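# Tertiary structure, described
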Amino acid sequence: MPDIKLIQCQDALVAGPSKTITSKTEKQWNVRVSPSVNRSRNPIRETLASITANTPSSSKAPINLGLGDPTYYPLHSPPPAAIAAVEKAVLDGKSNGYLNGVGSSEARQAVVDYHMRWDQVQYSIDDVVLTHGVGQGLDLIFSVMIPPASVERSNILLPRPGFAQYTALLANLDAEVRYYDCLEENDWEVDVDMLNSLCDEETRAILINNPSNPCGSNYSREALQGILEIAEKHKIPIIADEIYGHMTWSSPFVPLASLSTSVPIITLSGLSKRFLVPGWRFGWICLHDPLGVASSLKKGIQCWGNRFMGPNSLIQAALPTILATEPEWYDQVLSKIEVLAKIVHKGVSDAPGLSATFPSGAMYSFVKIEEGAFPALQDDVAFATALYNEQAVFVLPGMCFGMPGYFRVVLGTPADVMLDVIERLQEFCQKHGDL
Ligand SMILES: *Cc1c(COP(=O)(O)O)cnc(C)c1O
């Protein structure tokens, strides 16, 4: 099962200086951590620890559908040309030095070309900052945009259900976090009325995640236009986490920046999902600012980008090749995910007490546990814990995404493993169901 070493943030919290010192005159070690360490929780890691604390009673082979890491089984091999390009970068010895904090010009140009080719959005290399994954990109953009409370109050709008890292990264910043709903009955699209009602003078950014983790949704052009209208009305920029950009099958992905003729859009993407190499830790930020109203943001991103050296020089050297990956390779990956999406959808529809909308993007199915369907399992955590114990199948409860009453299935196994999952899930639901 997941061999994750857990570092609980809570362990780091020390209430104050050590109390073992006896002499009154002796100065005490001032070893303490910031209270924000205790505020920063990662519910995914914590839930993983609690569910997998005991070995399953089942003798079946464990199946991990918990972590959103496409290399776990693996789903598919990374693009061969990408591997060759990294190998070449290692061997030619030309990429061992420090690079510009925001990234080398060649690598940023590769990002510009990639977004032109796939999104038909024109950036210049000054609009691009390379980061150590989207995670660091988010951290960078949040800290650029959010002021200390002593200076000004602020808030930021996040999706619910949504990716837990957003909240974890915001824990050491002073913005109030407000959640807008994504509606299952509407293919998990954004509740725009709610989004509208949450915006005020202090809103610094709206964050959208499309295609979505954990919903597996892919917003329509009209839905994105609706979000842009609200941002336009309130004059608020949008952070678009498009790490799953173009990972769709039922309908084409629409990049938010391609629709915006006024709203500043900060798009984040990277190699972790579409290119199947999350361990390479590589991402980027692109600023699309059609009216030129966000030059302070542009400066801020550049400035913060230079606080660190940019991401790994070897991957930067290989980036032009990686990002030029042929469409056929992505199609192979997507057709595998789509097959899994169909298996899960059919299997869940046939299982008593479960239902799910058919996912159209990313690599997840977000499954609803019908209320009252499993009387002995009081919530999604109890459901996931019992499923792990009895069937050795690990899924993340919706609670990890701010949405109790659901669980998330990662569409990243070979098809035969997923068929096995469905059999176990149906057996589990038959056993626990009240029907
Ligand atoms: C996996 C994921 C990321 C990727 O983060 P990296 O730091 O680039 O690995 C970002 N956003 C969402 C919603 C994700 O699911």
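Being a predicted model, the structure only gives us computed values, none of them experimental. Just so you know, the residues in each chain are numbered from 1, in the order the chain's sequence is written. Reporting of local features is limited, given that this is a predicted model, to residues whose pLDDT is at least 70; pairs of side-chain atoms are given and counted only at 80 or more, and all residues count toward the totals for whole chains, interfaces and linings. Computation of side-chain values: all heavy atoms of the structure, hydrogens and water removed.

### Examining the overall build of the protein chain
The way it works is that DSSP assigns letters per residue, a run of H or I at least four long becomes a helix, a run of E at least two long becomes a strand, and they are numbered from the N terminus. Secondary structure assignment for the protein chain yields 14 helices and 14 strands. Based on C-alpha atoms, the radius of gyration is set beside the globule rule, defined as 2.2 Å times the residue count to the power 0.38. Radius of gyration (C-alpha) of the protein chain: 23 Å, near the 22 Å computed for a compact globule of 435 residues. Principal-axis analysis of the C-alpha atoms places the extent of the protein chain at approximately 70 × 60 × 55 Å. To sort residues, take the accessible area from a 1.4 Å probe on protein chains only and compare it with the maximum for the residue type: under 20% means buried, over 50% means exposed, and anything in between is partly exposed. Among the 435 residues that make up the protein chain, the fraction classed as buried is 54%. In this analysis, two residues are considered to be in contact whenever any of their non-hydrogen atoms come within 4.5 Å of each other. Sequence separation of 24 or more characterises 75% of the internal contacts of the protein chain that already satisfy a separation of 6 or more. If you sum the accessible surface of the protein chain, you get close to 19500 Å²; carbon and sulfur atoms cover 53% of it. Here the protein chain carries 33 positive and 47 negative side-chain charges, and the mean point of each set is 8 Å from the other. We get accessible surface area from the Shrake-Rupley algorithm with a probe of 1.4 Å; when it comes to residues, only the shown protein chains can shield them. Under this rule, positive means Lys or Arg and negative means Asp or Glu; His and the chain ends count for nothing. Lysine's charge is taken at NZ, arginine's at CZ, aspartate's at CG and glutamate's at CD.

### Here we look at the pattern of salt bridges
Any carboxyl oxygen of Asp or Glu that lies within 4 Å of a side-chain nitrogen of Lys or Arg is treated as forming a salt bridge with it. Evaluation of the coordinates by the stated rule reveals 13 salt bridges. Ionic pairing is found between E427 and K60, a salt bridge with its closest N-O pair at 3.5 Å. Remark: K60 occurs in the loop between α2 (43-51) and β1 (63-64) and E427 occurs in helix α14 (residues 415-432); sequence separation between them is 367 residues. Overall, E427 belongs to the partly exposed group, its relative accessible area being 46%.

### Quick word on the UniProt feature "modified residue: N6-(pyridoxal phosphate)lysine" (unreviewed entry) in the protein chain
UniProt positions are given in the numbering used here, feature names are shortened, and annotations may be inferred rather than shown by experiment. Under the UniProt annotation, the feature "modified residue: N6-(pyridoxal phosphate)lysine" (unreviewed entry) is placed at K273. Following the sequence through the fold, K273 ends up in the loop between β8 (265-270) and β9 (283-288). In contact with K273, not counting residues within four places along its chain, are G68, I243, Y244, M247, M363 and Y364.

### Some words on the site of the ligand
Think of it this way: one heavy atom of a residue within 4 Å of a molecule or strand is enough to make that residue near it. Around the ligand there are 13 residues in total, and V134, D241, Y244, K273 and R281 lie nearest to it. Here a polar contact is recorded for every N or O atom pair within 3.5 Å, except that within protein the pair must consist of a potential hydrogen donor and a potential acceptor, and residues adjacent in sequence are included only if both atoms are side-chain atoms. Interatomic distance of 3.2 Å between a side-chain N/O atom of K273 and an oxygen atom of the ligand. Starting from 390 Å² of accessible surface for the ligand in isolation, the protein chains cover 93%. Take the shell around the ligand: its biggest share by element is 3 residues, from helix α5 (residues 133-145). All amino acids are sorted into three groups, where Ala, Val, Leu, Ile, Met, Phe, Trp, Tyr, Cys and Pro are nonpolar, Asp, Glu, Lys and Arg are charged, and the leftover types, Gly among them, are polar. Here the residues of the shell around the ligand sort into 5 nonpolar, 5 polar and 3 charged.

### Details of the sheet that holds strand β4 (residues 176-183)
Any two strands are treated as partners once DSSP identifies two or more bridges connecting them. Here 8 strands make up an open sheet; going across it, the order is β2-β9-β8-β7-β6-β3-β4-β5 and the pairing mixed. Pairing within the sheet leaves two strands with one partner each, and these edge strands are β2 (128-131) and β5 (189-190). Alignment of strand β7 (residues 238-241) against β8, held across 4 bridges, turns out to be parallel. When the sheet's bridge partners are listed, I239 is paired in β8 with I266. Each axis is a line fitted through C-alpha atoms, taken for helices only over the stretch in contact, and angles between the N-to-C directions span 0 to 180 degrees. Of the strands in this sheet, β2 and β9 touch helix α4 (residues 105-119), which is tilted by about 110° from β2.

### Let's talk about the nonpolar core
F142, I206, I238, I239, L271, L354 and F383 are the most contacted members of the largest nonpolar core, which has 137 residues in total. Tallying contributions element by element places helix α12 (residues 327-350) first for this core, with 10 residues. Both domain 1 (41-75 + 327-432) and domain 2 (80-322) contribute no fewer than three residues apiece to this core. If near-sequence neighbours (up to four positions away) are discounted, F383 is found in contact with L354, I369, F374, L377, F407, F428 and C429. Here the nonpolar core consists of buried residues drawn from Ala, Val, Leu, Ile, Met, Phe, Trp, Tyr and Cys, with membership extended through side-chain atoms lying within 4.5 Å. For every domain, the bounds stem from an assignment made automatically or drawn from a database.

### Description of α12
Any helix carries an expected span of 1.5 Å times its number of residues minus one. Under the 1.5 Å per step criterion, the end-to-end length of α12 is 34 Å for 24 residues, consistent within 8% with the ideal 34 Å. Buried residues of α12: W329, Y330, V333, L334, I337, L340, A341, I343, V344, G347 and V348, and no others.

### With respect to the pairing of strand β14 (residues 406-410)
Burial within β14 is extensive, with 5 of its 5 residues counted as buried. Residues Y406, R408 and V410 of β14 are buried on one face, and the alternating residues F407 and V409, pointing to the opposite face, are buried as well. In this sheet, β14 lies alongside strand β11 (residues 364-369) in antiparallel orientation, the contact comprising 5 bridges. Residue pairing in the sheet places S365 in a bridge with V409 of β14.

### Considering the sheet that holds β11
Read across the sheet, 4 strands follow the order β10-β11-β14-β13 without closing on themselves; strand pairing throughout is antiparallel. One side of each edge strand has no neighbouring strand; the edge strands of this open sheet are β10 (354-355) and β13 (396-397).

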